[in-house]
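Okay, here's what each chain looks like letter by letter:
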Amino acid sequence: MNIPSSPRKLKVLILSTPVGALGSGLGGGVELTIANLARELQSRGHTIEIVAPAGSYLGDLSIVQVPGELQLTAQTQEQAAAIVMPSDPVLANMWAKARNIQHDYDIIFNTAFDWLPFYLTPFFDRPIAHFVSMGSQIAAIDLAIERVAIDYPGTIGVCTRTQAETFRFADLCTVVGGSGVDPAVYEYCKHPEPALAWLGRISPEKALEDAVAAAQRTGIKLKIMGKIQDAAYWEQIQRDYPTAPIEYLGFLPTHELQQALGTCQGLLMTPRWVEAFGNVAIESFACGVPVIAYRRGGPAEIITDGKTGFLVEPDSIEGLVTAIGRLDEIDRADCRHAAETVFSQAAWGNVMESWFYRLVE
Ligand code: HBI
């Protein structure tokens, strides 16, 4: 009887987002995507190397540090924006490095939402799996992604169907999710304290002000965690809501994050844009914390309304307030269960591993 040979182990070269060093919080959910993917694939016997901007740190994971100037964030630019590269672009330096070492790997995993990696795709000898981390932001980038989606079928990965629909080439996208959580890293908290949480990059597209307004209306303390990406925006919120019961805890590493998050009655997600996925939602589930989110983008595909949280009318503070009043209808064990099954790192690892095997064959 011939034993089916276990599929060979892969050598994967992961290229980081160029908007910040990994661990800085500037890369948002992509930092969790990279760290969790690397750890999950390593646990399956694959070899991982990460190429990222100098100053990156992801615990035990080895990282090739590349110098150069960070890329301008795409979501702060207009749809008609021209492609802008700084004089010594870390993005170009990372991809020059990748070109030099590509033959040591079976596949490249790109997480940059930028024109260059898509333009360079035909110049590489190795398949490139592109993780598209946002919905449409800049037409010139959309065109570069579409070119690859057509010429290299199956290589454009997106987090959710809703995110894919923001591109006219949606049907050429492969839905692979945004990340998966390792339940062992999060402590399930059965009995919450009277407090709400908001997690994420503090930046206008995340509409933190709506969560603060809901905290003001309900009088329930809102714990805010995440990188202050736009300081002026954060100052404005504090000026607009001087008496809101809010507490800023900073940008916390996962261990401290889950301790502060776990004791909350619920997480508020208030995306003004089409959030591609919403890694913070599955982190919240892992702690047993239900999620209230605008019915917009990724969270609308992650939350089961009435079971793991509530979906409310987009931009409606009233909707948030009503949902907050219903949080005790949610069984927190259902949230934890979702993180242990559908949104687990193992389930996501299966999706990503089979995607990579398809592209390598
Ligand atoms: N902008 N230009 C650019 N490139 C990225 O890779 C990028 C970005 N903005 C945000 C971002 N990546 C990540 O924060 C994603 O999690 C959204």
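Note that the structure is predicted; figures quoted are calculated from it, not measured. (Residues numbered from 1 in each chain as written. Predicted model: local features only at pLDDT ≥ 70, side-chain atom pairs only at ≥ 80, totals over all residues. Heavy atoms only, no water.)

## Focus: the environment of Ser62
Here Ser62 lies in the loop between β2 (47-53) and β3 (63-66). Given a relative accessible area of 42%, Ser62 falls into the partly exposed group. Setting aside chain neighbours within four positions, we find Ser62 in contact with Glu49 and Ile50. Within the structure, the side chain of Ser62 is placed 2.8 Å from the side chain of Glu49, a separation counted as a polar contact. (Helix = DSSP H or I, 4+ residues; strand = E, 2+ residues; numbered from the N terminus. Buried < 20%, exposed > 50% of the residue type's maximum accessible area, 1.4 Å probe, protein only. Contact = heavy atoms within 4.5 Å. Polar contact = N/O pair within 3.5 Å; in protein donor to acceptor, adjacent residues only side chain to side chain.)

## Quick word on the sheet that holds strand β8 (residues 195-199)
In space, the six strands of this open sheet follow the order β10-β9-β8-β11-β12-β13, with parallel pairing throughout. With partners counted over all chains shown, the strands left at the sheet margins are β10 (246-250) and β13 (309-312), one partner each. The sheet shows a mean angle of 25 degrees between the axes of neighbouring strands, taken without regard to direction. Sheet topology note: the strand β12 (residues 291-294)/β13 ladder contains four bridges and is parallel. By the bridge assignment for β13, Ala293 is matched with Leu311. (Pairing = 2+ DSSP bridges. Axes fitted to C-alpha atoms, helices over the stretch in contact; angles between N-to-C directions.)

## Observations regarding the packing of helix α6 (residues 208-218) against helix α11 (residues 317-324)
α11 packs onto α6 with a crossing angle of 55 degrees between their chain directions and a minimal axis gap of 9 Å. It follows from the interaxial angle that α6 and α11 lie oblique. Between α6 and α11 lies a crossing of right-handed hand. Across the interface between the two elements, Asp210, Ala213, Ala214, Arg217 and Thr218 from α6 touch Ile317, Glu318, Leu320, Val321 and Ile324 from α11. Class assignment for the residues of the contact of α6 with α11 results in six nonpolar, one polar and three charged. (Parallel < 35°, antiparallel > 145°, perpendicular 65-115°, else oblique. Left-handed = near helix turned anticlockwise from the far one by under 90°. Nonpolar A, V, L, I, M, F, W, Y, C, P; charged D, E, K, R; others polar.)

## A look at the packing of aromatic side chains
One pass over the full model with this rule turns up ten aromatic pairs. Each ring, one from Tyr119 and one from Phe123, has its centre 5.5 Å from the other, and the planes form 40 degrees; the classification is tilted. Relative accessible area serves as the criterion here: at 42%, Tyr119 is assigned to the partly exposed category. (Phe/Tyr/Trp six-rings, centres within 6.5 Å; stacked < 30°, edge-to-face > 60°.)

## Remarks on empty space enclosed by the protein
Under the defined criterion, the tally for this structure stands at one cavity of 30 Å³ or more. Roughly 90 Å³ of internal volume is contained in the largest cavity. Lining the largest cavity we find 14 residues, and of these Gln71, Ile83, Val84, Asp114 and Ile141 sit closest to its centre. Here the residues of the lining of the largest cavity sort into eleven nonpolar, two polar and one charged. (1 Å grid on protein atoms, 1.4 Å probe; cavity = no way out; pocket = protein on both sides within 12 Å on 5 of 7 lines; lining within 4 Å. Points joined across faces, edges and corners; volume = space filled by probe spheres on them.)

## Notes on the pattern of salt bridges
Inspection of the entire model under this criterion finds 18 salt bridges. For Asp106, the salt bridge identified is with Arg8, shortest N-O distance 3.2 Å. Of this pair, Asp106 sits in the loop between α2 (90-101) and β4 (107-110) while Arg8 sits in the segment before β1 (11-15), and the two are 98 residues apart along the sequence. For Glu275, the salt bridge is made with Lys206, and the minimal N-O distance between the two is 3.0 Å. Taken together, the residues span a long stretch of sequence, with Glu275 in the loop between β11 (266-269) and α9 (279-286) and Lys206 in the loop between β8 and α6 at a distance of 69 residues. Here Glu275 matches Lys206 in class, with each residue buried. (Salt bridge = Lys/Arg side-chain N within 4 Å of Asp/Glu carboxyl O.)

## Looking at the site of the ligand
With respect to spatial proximity, 20 residues lie near the ligand, and among them Thr17, Ala74, Gln75, Phe113 and Asp114 are the closest. With respect to the ligand, the backbone of Gly27 contributes an N or O atom lying 3.1 Å from an oxygen atom. At 3.0 Å from a nitrogen atom of the ligand is found a main-chain nitrogen or oxygen belonging to Leu72. Surface burial for the ligand is 96%, taken as the share of its 390 Å² of free accessible area covered by protein chains. Looking at the shell around the ligand residue by residue, the class counts come to nine nonpolar, nine polar and two charged. (Near = heavy atom within 4 Å. Areas by Shrake-Rupley, 256 points an atom, 1.4 Å probe, with all protein chains shown as cover.)

## Examining the packing of α6 against helix α7 (residues 231-240)
At a closest axis distance of 10 Å, the pairing of α6 and α7 adopts a crossing angle of 20 degrees. Classed by the angle they form, the pair α6 and α7 counts as roughly parallel. As for the relative orientation of α6 and α7, their crossing is right-handed in sense. Contacts between α6 and α7 pair Leu208, Glu209 and Val212 from the former with Tyr233, Trp234 and Ile237 from the latter.

## Describing the sheet that holds β2
A sheet is described by the order of its strands in space; here seven strands give the open sequence β3-β2-β1-β4-β5-β6-β7, paired in parallel fashion. Across the chains shown, the open sheet's two edge strands, defined by having one partner strand only, are β3 and β7 (174-175). Across four bridges, β2 lies against β3 in parallel orientation. Each bridged residue has a counterpart across the sheet, and for Ile50 the counterpart in β3 is Ile63. Sheet contacts for helix α13 (residues 345-360): β1, β4, β5 (128-132), β6 (156-158) and β7; angle to β4, the most-contacted strand, approximately 130 degrees.

## Digging into the domain arrangement of the chain
For the chain, the assigned domains are domain 1 (11-180 + 345-360) and domain 2 (183-340). The straight-line distance from the C-alpha centre of domain 1 to that of domain 2 is 26 Å. The interface is formed by 25 residues belonging to domain 1 together with 16 residues belonging to domain 2. Buried surface at the junction of domain 1 and domain 2, summed over both partners, amounts to about 1500 Å²; 62% is from carbon and sulfur atoms. (Domains from an automatic or database assignment. Buried area = accessible area lost by both parts, 1.4 Å probe.)

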